[in-house]
Amino acid sequence: MTIPKAEFADWMHGVQALVEAALERALPSAEHEPRRLHEAMRYAVLGGGKRVRPLLVLAAGEAVGAPRERLVPAACAVELIHAYSLVHDDLPCMDDDAMRRGRPTVHVEFDEATALLVGDALQSLAFETLAAAPLADDPAGSVEMLRTLAVASGSRGMAGGQAIDLAVVGKTLTQPELELMHIMKTGALIRAAVRLGACCGERADAAVLEQLDRYAKCVGLAFQVVDDVLDAAASSATLGKTAGKDAAQGKPTYVSILGTRAARELAQSLRRDAHAALAALGASAQRLRDLADFVVLREF
Ligand code: GRG
């Protein structure tokens, strides 16, 4: 992968460490009953993953001058939802995968019933984490943040996108149909991450929120386009999950619809659009620009 600028890499590793420590504190101890469930929740969340969504929360917050003590709980909440979605996605009744983040998936390491409960409990913990922290200046702002995460995770967002994903296996989709599915499945949580970060600041200006949302839509889609390219082109060892599954399962992807070359070009064009959306925000949005580059240039 193109090595991120040293200064950005330092920032990224700092945020990843901060979020890891906060997640560690937010998760119940494996010493507490029910021990097996708590152990499995910690297994699902800790010690892996790129933490792209928490990075987006922090970067969006920095763009509007939000304090880190507000941003970190919001970042944890989004990552807990993401971790739950991966655990459920890997179940035999969904994508049926045995490897995630370079190790056995939760239902393989533990069992299916535990994996189901891990997802349920992580989702609850996400909202508990968001509700427990004073994130906005007023109660209405905090409730609005809870609503943002709920809508993004639900049937009009991630869970709905997953339902469409399961329904279209073996079918041919047009590019707009594929785009709608991914805007929901992957894009909704990425947009929520950026919005939550922005809402941790002083009452955010509507125009700024709009610019950040345009940025997040482009990054969300670019993330999925790159995910499709990597699934087709990278090895399981590099990805830490089973590669080549989309084609094996007959899933419509950007690669199956456009071909690898055009899919890569689309990701680059979305990266340019993401940068353009931030034009009015100046230097404060540099982390967001760097993250758009990271998402598109990543190799895992
Ligand atoms: C089960 C309700 C429910 C939803 C599942 C997000 C999702 C919906 C499924 C994951 C399947 C998948 C591979 C989607 C493509 C994009 C994606 C979310 C990839 C994994 O995210 P990364 O690359 O993972 O950020 P890490 O491990 O780095 O956190």
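Look up: the structure comes first, before these words.
Cut-offs and rules
- Residues numbered from 1 in each chain as written.
- Predicted model: local features only at pLDDT ≥ 70, side-chain atom pairs only at ≥ 80, totals over all residues.
- Heavy atoms only, no water.
- Helix = DSSP H or I, 4+ residues; strand = E, 2+ residues; numbered from the N terminus.
- Rg over C-alpha atoms; globule rule 2.2 N^0.38 Å.
- Buried < 20%, exposed > 50% of the residue type's maximum accessible area, 1.4 Å probe, protein only.
- Contact = heavy atoms within 4.5 Å.
- Areas by Shrake-Rupley, 256 points an atom, 1.4 Å probe, with all protein chains shown as cover.
- Lys, Arg positive; Asp, Glu negative; His and termini not counted.
- Charge placed at Lys NZ, Arg CZ, Asp CG, Glu CD.
- Axes fitted to C-alpha atoms, helices over the stretch in contact; angles between N-to-C directions.
- Parallel < 35°, antiparallel > 145°, perpendicular 65-115°, else oblique.
- Nonpolar A, V, L, I, M, F, W, Y, C, P; charged D, E, K, R; others polar.
- Phe/Tyr/Trp six-rings, centres within 6.5 Å; stacked < 30°, edge-to-face > 60°.
- Lys NZ or Arg CZ within 6 Å of the ring centre and 35° of its normal.
- Salt bridge = Lys/Arg side-chain N within 4 Å of Asp/Glu carboxyl O.
- Polar contact = N/O pair within 3.5 Å; in protein donor to acceptor, adjacent residues only side chain to side chain.
- Left-handed = near helix turned anticlockwise from the far one by under 90°.
- Near = heavy atom within 4 Å.

Undergrad: Help me get a handle on the overall build of the chain, residues and values and all.
TA: Check the secondary structure of the chain and you find 15 helices and 2 strands. Against the 2.2 N^0.38 benchmark of 19 Å for 300 residues, the chain shows a C-alpha radius of gyration of 18 Å, consistent with a compact globule. Taken across its 300 residues, the chain has 52% of its residues classed as buried. A separation threshold of at least 6 residues defines the contact pool for the chain, and within that pool the share at least 24 residues apart is 73%. Roughly 12,900 Å² of accessible area belongs to the chain as shown, and the carbon and sulfur atoms make up 56% of that amount. Positive and negative charge centroids in the chain, built from 32 and 39 side chains respectively, lie 3 Å apart.

Undergrad: Before we move on, can you summarise the packing of helix 3 (residues 52-63) against helix 15 (residues 286-297) with the specific residues and values?
TA: Packed helix pairs are characterised by how far apart their axes lie and by the angle those axes make with each other. Helix 15 packs onto helix 3 with a crossing angle of 155 degrees between their chain directions and a minimal axis gap of 8 Å. In terms of orientation, helix 3 lies roughly antiparallel with respect to helix 15. Contacts between helix 3 and helix 15 involve Val52, Leu55, Leu56, Ala59, Ala60, Glu62 and Ala63 from the former and Arg287, Leu288, Leu291, Phe294 and Val295 from the latter. Residue classes in the contact of helix 3 with helix 15 are distributed as 10 nonpolar, no polar and 2 charged.

Undergrad: Describe the packing of aromatic side chains, and please don't skip the residues or the numbers.
TA: Within this structure, the stated rule accounts for 3 aromatic pairs. Feature note: the residues Phe8, Trp11 and Phe294 constitute an aromatic cluster, connected by ring pairs. Positioned over the ring face of Phe223 is Arg53, at 5.1 Å from the centre of the ring. When the ring centre of Tyr43 is taken as origin, the NZ or CZ atom of Arg103, which lies over that ring, is 4.3 Å away.

Undergrad: Summarise the pattern of salt bridges; cite the residues concerned and give the values.
TA: Counted according to the given criterion, the structure contains 23 salt bridges. With its nearest N and O atoms 3.5 Å apart, the salt bridge here joins Glu210 to Arg214. Separated by 4 residues within a single helix, Glu210 and Arg214 lie in helix 10 (residues 206-233), roughly one turn from each other. Given the relative accessible area of 44%, Glu210 is considered partly exposed. Relative accessible area serves as the criterion here: at 40%, Arg214 is assigned to the partly exposed category. Residue Lys241 is joined to Asp227 by a salt bridge in which the shortest nitrogen-to-oxygen separation is 3.6 Å.

Undergrad: Quick rundown of the side chain of Arg42? Include the residues and the values.
TA: Take Arg42: it is sitting in helix 2 (residues 35-45). One polar contact links Arg42 to Glu24, side chain to side chain, over a distance of 2.4 Å. Once you skip the residues sitting within four places of it in the chain, Arg42 turns out to touch Glu24, Leu27, Pro28, Ser29 and Ala30.

Undergrad: So, the environment of Leu178: which residues are in play, and what are the values?
TA: Locating Leu178 in the fold gives a position in helix 9 (residues 175-199). As a C-alpha pair, Leu178 and Arg70 span 108 residues in sequence and 35 Å in three-dimensional space. Among residues more than four places away in sequence, those in contact with Leu178 are Leu173, Pro252, Thr253, Tyr254 and Ile257.

Undergrad: Got a sec to walk through the packing of helix 1 (residues 6-26) against helix 3? Specific residues and values, please.
TA: Contact geometry for helix 1 and helix 3: axes closest at 10 Å, N-to-C directions at 115 degrees. By the angle between their axes, helix 1 is roughly perpendicular relative to helix 3. The handedness of the crossing between helix 1 and helix 3 comes out as right-handed. Every residue of helix 3 that contacts helix 1 at Trp11, Met12, Val15, Gln16 and Val19 is listed here: Pro54, Leu55, Leu58, Ala59 and Glu62. Considered class by class, the residues forming the contact of helix 1 with helix 3 number 8 nonpolar, 1 polar and 1 charged.

Undergrad: Please set out the site of the ligand residue by residue, giving values where relevant.
TA: As a matter of local geometry, the ligand sits amid 19 residues, with Lys50, Arg53, His82, Asp89 and Arg101 nearest to it. Arg101 is positioned with one of its side-chain polar atoms (N or O) 2.7 Å from an oxygen atom of the ligand. Of all elements in the fold, only helix 4 (68-89), helix 8 (158-167), helix 9 and helix 10 reach the threshold of two or more residues within the shell around the ligand. It is helix 4 that provides the largest number of residues to the shell around the ligand, a total of 6 residues. Of the residues belonging to the shell around the ligand, the class tally is 5 nonpolar, 7 polar and 7 charged.

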